[in-house]
Amino acid sequence: MLDESPPATLDAIGCLDDEDIYLDLAALDLAAADRADPDLATPIAMMEALSNRLDRGVTAATDRAEALSALLAGREGFRGAREDYDSPANADLISVLERRRGLPVALSILYVALARRAGWQAHVLGLPGHVLMALGSGIPGGEPVVIDPFDHGALVDTGFIPTAHASARLGNRETLVRLVMNQITRAEAGGNGDRALTLLRRLTRVAPAMPQLWWERARLEQAAGNLDAARDALAAMGETTRDPVLIRRIMAARRMLSTLSGRH
């Protein structure tokens, strides 16, 4: 077995087509995996209540963006977690809803989820070192507007975002990966390899077709001394790709693990 009793909800997310993933609910499921007795009814009810307070009659993207920012940043006080940026709570959507602050990707998930609940087109934008969100217009031919949820919902000059945001747009699964990778990176940097491995095991359930996640999981399994699990992760990685370069890399890593196993 590659993992020990992973939450069934995470397995279900891994089986969904990207467009069928409810971004906020999936992020809540990932947060719930850290809790012994999670209460998801409360944050889900909060999301629904916030969405119901949006003015759904506006059609211009700028008006929609202003309505969204006025609600979340203005009346509700959601903001970027500048004073404790590296806290794991800032990438945990349950905690973000409770504390009213979080990382750019977590806040962008919140903004996008509320916009979608209102029937508006919205996407997360992944840029080097930052995450924003794009909000579409209900007017034919209307230009989308970009919001920075971390900066009090400020509207962003889109001139620096490549190809009208298309190349920066993140899918739902990519967004979840970026959310959790924030926690993994910080756990590793803090010397907590066990925590990083736990999170990476969850990610390979949510995004089983991403070969790089399996590679990272194999690396962490090996570092933890789980050589059989590392080999299994590499085998799973091999099922996700036909890239000859990656396949050679996998084979070399498996040979190395076999050599290490023979030394024990």
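Residues numbered from 1 in each chain as written. Predicted model: local features only at pLDDT ≥ 70, side-chain atom pairs only at ≥ 80, totals over all residues. Heavy atoms only, no water.

Enquirer: Now, about the nonpolar core: what can you tell me, with residues and values included?
Expert: Ranked by size, the top nonpolar core spans 63 residues in total, and within it Leu-68 and Leu-176 carry the most contacts. With ten residues, the single largest contributor to this core is helix 6 (residues 104–117). Ignoring sequence-local partners within four residues, the contact set of Leu-68 consists of Leu-54, Tyr-111, Leu-114, Ala-115, Met-133 and Ile-147. Counting residues in hydrophobic clusters, the runner-up holds 13 residues, among them Trp-214, Ala-230, Ala-233 and Leu-257. (Core = buried A, V, L, I, M, F, W, Y, C linked by side-chain atoms within 4.5 Å. Buried < 20%, exposed > 50% of the residue type's maximum accessible area, 1.4 Å probe, protein only. Helix = DSSP H or I, 4+ residues; strand = E, 2+ residues; numbered from the N terminus. Contact = heavy atoms within 4.5 Å.)

Enquirer: I'd love a proper account of helix 6, names of residues and values included.
Expert: Since one α-helical turn is 3.6 residues long, residues separated by three or four positions face the same way. Here helix 6 spans 20 Å end to end across 14 residues, near enough to the 20 Å set by a 1.5 Å rise per residue. Of all 14 residues that make up helix 6, twelve are buried, and the element is covered over most of its length. Backbone geometry just downstream of helix 6 places Gly-119 in the positive-phi region, at approximately 85 degrees. (Expected span 1.5 Å × (residues − 1).)

Enquirer: Pulling in residues and values, what's your account of empty space enclosed by the protein?
Expert: One simple way to see leftover space: roll a probe sized like a water molecule over the atoms. Tallied over the full model, the rule gives one cavity of 30 Å³ or more. Each pocket or cavity is described by its volume, and for the largest cavity that value is around 90 Å³. The wall of the largest cavity is formed by Ala-27, Leu-30, Ala-31, Asp-34, Ala-91, Asp-92, Leu-93, Leu-179, Val-180, Gln-183, Leu-199 and Arg-202. Listing elements by their share of the lining of the largest cavity, those giving two or more residues are helix 2 (23–32), helix 7 (172–189) and helix 8 (193–206). Among the residues making up the lining of the largest cavity, the classes are represented as eight nonpolar, one polar and three charged. (1 Å grid on protein atoms, 1.4 Å probe; cavity = no way out; pocket = protein on both sides within 12 Å on 5 of 7 lines; lining within 4 Å. Points joined across faces, edges and corners; volume = space filled by probe spheres on them. Nonpolar A, V, L, I, M, F, W, Y, C, P; charged D, E, K, R; others polar.)

Enquirer: Before we move on, could you go through unusual backbone geometry and cite the residues and values that matter?
Expert: A positive phi angle, near 65 degrees, is found at Arg-100, a position not held by glycine. Position of Arg-100 relative to the elements: it lies in the loop between helix 5 (93–99) and strand 2 (101–102). When its relative accessible area of 25% is taken as the criterion, Arg-100 is described as partly exposed. Non-glycine residue His-152 carries a positive phi angle of around 55 degrees. Relative to the assigned elements, His-152 resides in the loop between strand 5 (145–148) and strand 6 (154–156).

Enquirer: How would you sum up the pattern of salt bridges? Please name residues and give values.
Expert: All told, the structure shown has 18 salt bridges when counted by the stated rule. Between Glu-76 and Arg-100 there is a salt bridge, with its nearest N and O atoms 2.8 Å apart. Here Glu-76 is found in the loop between helix 4 (61–75) and strand 1 (79–80), whereas its partner Arg-100 is found in the loop between helix 5 and strand 2, with 24 residues between them in sequence. Judged by its relative accessible area of 17%, Glu-76 is buried. With a shortest N-O distance of 3.0 Å, Glu-221 and Arg-201 are connected by a salt bridge. Here Arg-201 lies in helix 8 and Glu-221 lies in helix 9 (residues 211–223), a separation of 20 residues in the sequence. Under the relative-accessibility criterion, Arg-201 is labelled buried at 12%. (Salt bridge = Lys/Arg side-chain N within 4 Å of Asp/Glu carboxyl O.)

Everything listed is a geometric property; what it means functionally is a separate question.
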